[in-house]
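Observations on the three-dimensional arrangement
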Amino acid sequence: MKTLVKAMKPHRQKILTDSGEEVRLQQWANKIAAESLRSAGGDANGEQFNQARDMLMRDAVENPEKHGLKFMGERL
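Residues numbered from 1 in each chain as written. Predicted model: local features only at pLDDT ≥ 70, side-chain atom pairs only at ≥ 80, totals over all residues. Heavy atoms only, no water.

**Remarks on the confidence of the model for the chain**
Looking at the chain, the pLDDT average stands at 84 and 82% of residues meet or exceed 70. Looking across the chain, the model is least confident in strand β3 (residues 70-71), with a mean pLDDT of 90, and most confident in strand β2 (residues 22-24), with 94. (pLDDT = per-residue confidence, 0-100. Helix = DSSP H or I, 4+ residues; strand = E, 2+ residues; numbered from the N terminus.)

**Observations regarding the sheet that holds strand β1 (residues 14-16)**
Sheet architecture is open: 3 strands sit in the order β2-β1-β3, paired in antiparallel fashion. Bordering the open sheet on either side are β2 and β3, each of which pairs with just one other strand. Direction of pairing for β1 relative to β2: antiparallel, over a ladder of 3 bridges. If you follow I15 over to β2, its bridge partner there is V23. Packing against the sheet, helix α1 (residues 25-39) makes contact with β1, β2 and β3, and its axis sits at approximately 90° to β2. (Pairing = 2+ DSSP bridges. Contact = heavy atoms within 4.5 Å. Axes fitted to C-alpha atoms, helices over the stretch in contact; angles between N-to-C directions.)

**Description of the environment of W28**
Mapped onto the elements, W28 comes out in helix α1. Residue class for W28 comes out buried when judged on its relative accessible area of 10%. Ignoring anything within four residues of it in the chain, the contact list for W28 reads I15, T17, V23, L56, A60, H67 and L69. (Buried < 20%, exposed > 50% of the residue type's maximum accessible area, 1.4 Å probe, protein only.)

**Overview of the environment of L56**
Considering the arrangement of structural elements, one finds L56 in helix α2 (residues 47-62). Once the C-alpha coordinates of L56 and H67 are considered, the two residues, 11 residues apart in sequence, prove to be 9.4 Å apart. If sequence neighbours within four positions are ignored, L56 has contacts with W28, A29, I32, A33 and H67.

**Considering the packing of α1 against α2**
Geometrically, a packed helix pair is captured by the angle between its two axes and the distance between the axes. Direction vectors running N to C along α1 and α2 enclose 125°, while the axes themselves pass 8 Å from each other. Classified by the angle between their axes, α1 and α2 sit oblique to one another. As for how α1 packs across α2, the hand of that crossing is right-handed. The residues of α2 that touch α1, namely those facing L25, Q26, W28, A29, N30, I32, A33, A34 and L37, are Q48, F49, A52, R53, L56, M57, A60 and V61. Among the residues forming the contact of α1 with α2, the class breakdown is 13 nonpolar, 3 polar and 1 charged. (Parallel < 35°, antiparallel > 145°, perpendicular 65-115°, else oblique. Left-handed = near helix turned anticlockwise from the far one by under 90°. Nonpolar A, V, L, I, M, F, W, Y, C, P; charged D, E, K, R; others polar.)

Next comes the structure, spelled out in structure tokens:
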């Protein structure tokens, strides 16, 4: 018997936030990055937003406990 395992891109991973919300990693990162940039007086789109979001996603994959996240199913 052979088992096929399909890899999932990290941004598509479903997560559970500390508030009990189930979302995809990229949706969570979009929300946090936008809130952070707006509170700092910045623009919530463009290259700065993309860099902040990507950095958040990388950090969340490496340190989910730091952000109060749990990955649903298999982690990469």
